[in-house]
Every structure is written in structure tokens, then in C-alpha cells.
Amino acid sequence: MNISRTELQAALERVVQIALDRNDHLPELPVVQLNHNPDHAETQLLATRLPTTGQPLDKTFDQVFDSVLKDAPNANGPRFFGLITGGTTPASIVGDFLATLYDLNVCLHLPKETNAVTIEQLALDMVLDLCHIPREAYPGKLLTTGATASNTMGMMIARQWVGKKRFDIDIAEDGFCGKVIKVIGGRAHSSVIKAVGVAGLGRGNYIDVSLDQRGYKWDLDKMETILKAQMNGDSEGSIVVVGCGEINTGGFTTDIDKIRALCTRYDAWLHIDAAFGLYARAMPSHASLAANIELGDSMTSDGHKWLNVPYDCGLFYTKHIDMCSEVFGGAKSAYLDTGKTSIPQPLSVGIENSRRFRALPLYMSLLTYGAKGYQEVFESNCNFAVRLGEWIDQHPDLELLAPVYLHTVLFRVTAKSWSHPEGNDQFIEAIKDTEKVYVTKTVWDGQPAIRAAMSNWRTELDRDLPIVQQGLEEALQSRTA
């Protein structure tokens, strides 16, 4: 397995050179280079057999670079507006490399050996600092692989709490015992619905009480009727899920304080899904959108979105760390029993027993740029979205479908040359073909639409907005009426 120092050094020097070149030139690189006939390359790759005898590292490097990386989308570039994903700050890139280099498994807090788990707790607290939420509001906290894993954790500890509070049963130990736990929400993100299924709550037990497809306003009378009927019986309980940052518009659920009051009155758990919406709290201009999210019993967010750290980095917070211990700490091998520590053992707080040191890129980025640096990124992205939205709103062949609340622009093409059933998807392909900007498809009011989310620290108004506008114009002109 070992290779010579010279061979390793040559490979690492190539990595460093690629990193430096990408840092210097990423804004100029094609956002995506579509392969319109991918079947041949895919067939060839999948037919590759494991070699009996290995090959030199430089040959492997060449092979991987040519087959995967050379034409890969530049998803951490300034005009990649898909998936609500951020870029990667230089500090986080260095942190990610170091995390891999040392390869710590941070499933246990072993302060005599390493303070890695302490750094994880500190990084999570610093995010609360950034968003003006008291650290003491959430004593339970952990990094996960992403919002889906965090939402799954939320559903699992929520079901435990509801089981004990409403029925005096231990679901983690004994199962549901014939009880049903509903999930009430408003246009919940697909990761929440996935988490509901994974946690065994049943996707069919999700109840939507929103008053429109945006999910901003809820029918609180309907919600109270459901909760009150459950309290009068002995077979059902509820978890309530609030979305802070709707994926198509960036809009926020209102009346969280009233929702919290109903949850308290009727013994329901309140979970806040704030994958990117949490960071509105860091901007005085937008903080009111995310008012009262600290009232949740649990809260999730993502670092690989607006915090601009590498995949995979999800954030999970809860007021009820005792529920984490009951769900995730109930069974462990003798060699994992380290006794009582000042910081709860991560393997007893979350799902994973094997965990990489994903806190390091986050911590290094937070330290390097500080609250002011991140606030400037957030405000710049929001300003870019507003300006792009204004341009689209005035364009004769494009339609802005919703106000720009945060950093997401929702629109559709209205030009006659694209007004056929497949026109929206084909227009998106035409946009990507320009190699200038990346957007994703969605559905709004039952009709195909286009979503563009600005979350990258590199996105600059003066440089990138004209390029985006040019890309949209080129896509429009690629087909004449």
C-alpha cells in the first residue's frame, strides 16, 4: 500500500496546483458542460474491472481526472444557482483537507486524546452566535451529513418525546405499542417527508395545514382541531414541522409564536427545518423573516448551503438532549463506554458511530471570516437575487412568479418559441448549454417553472449579473418562433 515520498509529493503538488488554479479562475470556467450523449462513456466506465495488479498513482490520477473531474460541473462557482448549494471558502477547503489527512473518528469525546469534539460543539455554538440565538437555547447539538439526516434525527427524538409525554411509552425500547404519531406541517420539504418515512411515522400520517402552496400561512384553527381531538383520545399524538425558507421562493412560515403556543398547550413537539433560512437571522434587513425560530424543540440547518463549507455538513440542534440519549444511546459495545464526560458522547446523541471530523472545515471558515464576513456574503447574495428578479420582471419573454424574499428567484419562460409542454425543461437545457449559468426546474401553481438560488460567496453583482443575463438571452435566442 505504501508508495514513495517522491510519488506522493508529486500527486499532492498536482492537487495543490489544481486548487490554486481553481481558486484563481473558477469564475471564468464553464458552469457546466453538458454531454448530450452520455451512454457510451457510462457503459465504458461501468464495464471497467478491478485490476489484479495496481498501477502507479500518477496514472490513477490521470484516469480519474480525465473520466470524472475534467468536465465536472463547477458547482462551487459563482453562477451555479442549483440545489441551494454554496461554494467552498478557501479556509474550509484547507480544513477539509486536514480533516481527511488526520482522519479522526469523532464518535467519542476523549478530551485527554483530542479536543475535536469540543471544536464541533464550539463550531455549532458559533453558528448560533452568527444567527443571534443564545447558546443555551439548544444544549443538544451535533453535525450530520446534511438536512435529511438532521430532520431524521429530529423525527426520531420527537417521536420518543411524544410517546413518553402523551402515552407514557418508550418507543425506542418498546416500539409504538399501537399508538399513531401524526406530523403536521405546511408544504414540508421532501427531506422532511423522507425523514417521516425513515422514522417509521408513516408518510401517510403527514397532514398539511397550509392555506396555499407556499406554506407561509397555516390554518391554525384546523391545526388546533387536530391537536385537541388527539388530546381527548388516547391513540394519537403529533409532531409539528415548520419550514423556514421555502425552496422555490425563500419565503418563511409566519406565526411561529402561535404555532409554539398550540404545541405547548397540546403536548406536541415543534421541529424547525431551517436548512438555509436560519441565516436570515444574521442580517438586520432580513432577521424578522426568521423571528421565533429559536422556539423549536429541535432545529436543523445545512453548512454546505449558505455557510459555504464542503459537502457533507448538516447541523442539528435540540432543547431535549435527554431524548437523544434515550434514542441513540441505548445500546453500545463495552469498548465504547467511556464514562461520564462534560460533553455528551456524539454516538449517544446521533445516528452514526463512525463520523468524520466535518466540524474542522466549518470551524476554520467561521474563524477566518467571522460574523461580519458571513453577513456580507448573505447580504450580497440577497441583493443579487433582487436585481436578477427585477431584470426578469421587466423582460418580455420571462415571468417572475413570486417576490424575492431572500436569495431565490422563481420564474418561467413565456416566449412563444418555448410555450409547449416540454418547453420549460428544454429552456433549462438551453441555459446550461450556454455554460454561463446553472438553474434547476421546479413546479409552481401546477405549472413548470425555474428556480435560481444564490448562495455562493464568490457571486459578484457587477461581474456575474451581466453574464447571467447574457446566458438567459442566448438561451432565449437559441430557438426562434
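Residues numbered from 1 in each chain as written. Predicted model: local features only at pLDDT ≥ 70, side-chain atom pairs only at ≥ 80, totals over all residues. Heavy atoms only, no water.

Of the protein chain, the UniProt comment under Sequence similarities (unreviewed entry) reads exactly: "Belongs to the group II decarboxylase family." Quoted verbatim from the Cofactor (unreviewed entry) field of the UniProt record, the comment on the protein chain reads "pyridoxal 5'-phosphate". (UniProt positions renumbered as here; feature names shortened; annotations may be inferred.)

Turning to the UniProt feature "modified residue: N6-(pyridoxal phosphate)lysine" (unreviewed entry) in the protein chain, a few remarks are in order. In the UniProt entry, the feature "modified residue: N6-(pyridoxal phosphate)lysine" (unreviewed entry) is given for Lys-305. Relative to the assigned elements, Lys-305 resides in the loop between β6 (298-302) and β7 (314-318). Its relative accessible area of 14% is what places Lys-305 among the buried residues. Among residues more than four places away in sequence, those in contact with Lys-305 are Leu-83, Ile-84, Thr-85, Gly-86, Ala-275, Phe-276 and Ser-455. A polar contact is formed between the side chain of Lys-305 and the side chain of Asp-302, at a distance of 2.6 Å. (Helix = DSSP H or I, 4+ residues; strand = E, 2+ residues; numbered from the N terminus. Buried < 20%, exposed > 50% of the residue type's maximum accessible area, 1.4 Å probe, protein only. Contact = heavy atoms within 4.5 Å. Polar contact = N/O pair within 3.5 Å; in protein donor to acceptor, adjacent residues only side chain to side chain.)

Within the largest apolar cluster, 66 residues are counted, with the highest numbers of intra-cluster contacts made by Met-223, Tyr-279 and Phe-378. Contributing elements (two or more residues each) for this core: α5 (116-130), α9 (220-232), β4 (236-243), α10 (256-265), β5 (269-273), β7 and α12 (359-394). In contact with Met-223, not counting residues within four places along its chain, are Ile-184, Trp-218, Val-240, Ile-259, Leu-262 and Cys-263. Counting 28 residues, the second-largest nonpolar core is a separate cluster that includes Trp-161, Val-162, Leu-201 and Trp-269. (Core = buried A, V, L, I, M, F, W, Y, C linked by side-chain atoms within 4.5 Å.)

The next point concerns a nonpolar patch on the surface. Among the surface-exposed residues, Ile-3, Leu-8, Leu-12, Val-15, Phe-97, Leu-101, Tyr-102 and Leu-104 lie close enough to one another that they form a single nonpolar patch of about 720 Å² accessible area. Among the secondary structure elements, those contributing two or more residues to the nonpolar patch are α1 (5-25) and α4 (90-102). By the element assignment, Val-15 lies in helix α1. (Patch = residues over 30% accessible without salt bridge, like charges linked within 9 Å, V, L, I, M, F, W, Y side chains within 5 Å. Areas by Shrake-Rupley, 256 points an atom, 1.4 Å probe, with all protein chains shown as cover. Salt bridge = Lys/Arg side-chain N within 4 Å of Asp/Glu carboxyl O.)

In this description, a pair of aromatic rings is defined by centroid distance and the angle of the planes. Using the criterion set out here, one finds 10 aromatic pairs in the structure. For the ring pair Phe-80 and Tyr-438, a centre distance of 4.2 Å and an interplane angle of 20° mean the geometry is stacked. Placement of Phe-80 in the loop between α3 (57-69) and α4 and of Tyr-438 in the loop between α13 (423-433) and β10 (440-444) is noted, with a sequence separation of 358 residues between them. Like Phe-80, the residue Tyr-438 is buried in the burial classification. Between Trp-306 and Phe-378, the aromatic rings sit 4.8 Å apart at their centres with planes inclined by 50°, giving tilted as the arrangement. In this pair, Trp-306 sits in the loop between β6 and β7 while Phe-378 sits in helix α12, placing the two residues 72 residues apart along the sequence. Residue classification places Trp-306 among the buried residues on the basis of a relative accessible area of 0%. Linked through ring pairs, Tyr-279, Trp-306, Tyr-369, Tyr-374 and Phe-378 together constitute an aromatic cluster. Sitting over the face of the ring of Phe-61, Arg-14 holds its NZ or CZ atom 4.0 Å from the ring centroid. It is Lys-319 that lies over the ring of Tyr-138; its NZ or CZ is 4.4 Å from the centre. (Phe/Tyr/Trp six-rings, centres within 6.5 Å; stacked < 30°, edge-to-face > 60°. Lys NZ or Arg CZ within 6 Å of the ring centre and 35° of its normal.)

Within a sheet, adjacent strands bond to each other through the backbone by hydrogen bonds, running parallel or antiparallel. Ordered in space as β1-β7-β6-β5-β4-β2-β3, the 7 strands form an open sheet in which the pairing is mixed. Every other strand in the sheet has two partners, leaving β1 (140-144) and β3 (206-208) as the edge strands with one partner each. This sheet shows a mean twist of 20° between the axes of neighbouring strands, independent of strand direction. Strand direction decides the pairing type here: strand β2 (residues 180-185) and β4, joined by 6 bridges, are parallel. (Pairing = 2+ DSSP bridges. Axes fitted to C-alpha atoms, helices over the stretch in contact; angles between N-to-C directions.)

A word on empty space enclosed by the protein. According to the stated counting rule, one finds 4 cavities of 30 Å³ or more in the structure shown. The space that makes up the largest cavity amounts to roughly 50 Å³. Lining the largest cavity, in full, are Val-117, Gln-121, Pro-139, Gly-140, Lys-141, Leu-142, Ile-321, Ile-343, Pro-344, Pro-346 and Val-349. Secondary structure elements with two or more residues in the lining of the largest cavity: α5 and β1. Among the elements that make up the lining of the largest cavity, the one with the highest residue count is β1 (3 residues). Looking at side-chain class alone, the lining of the largest cavity contains 8 nonpolar, 2 polar and 1 charged residues. (1 Å grid on protein atoms, 1.4 Å probe; cavity = no way out; pocket = protein on both sides within 12 Å on 5 of 7 lines; lining within 4 Å. Points joined across faces, edges and corners; volume = space filled by probe spheres on them. Nonpolar A, V, L, I, M, F, W, Y, C, P; charged D, E, K, R; others polar.)

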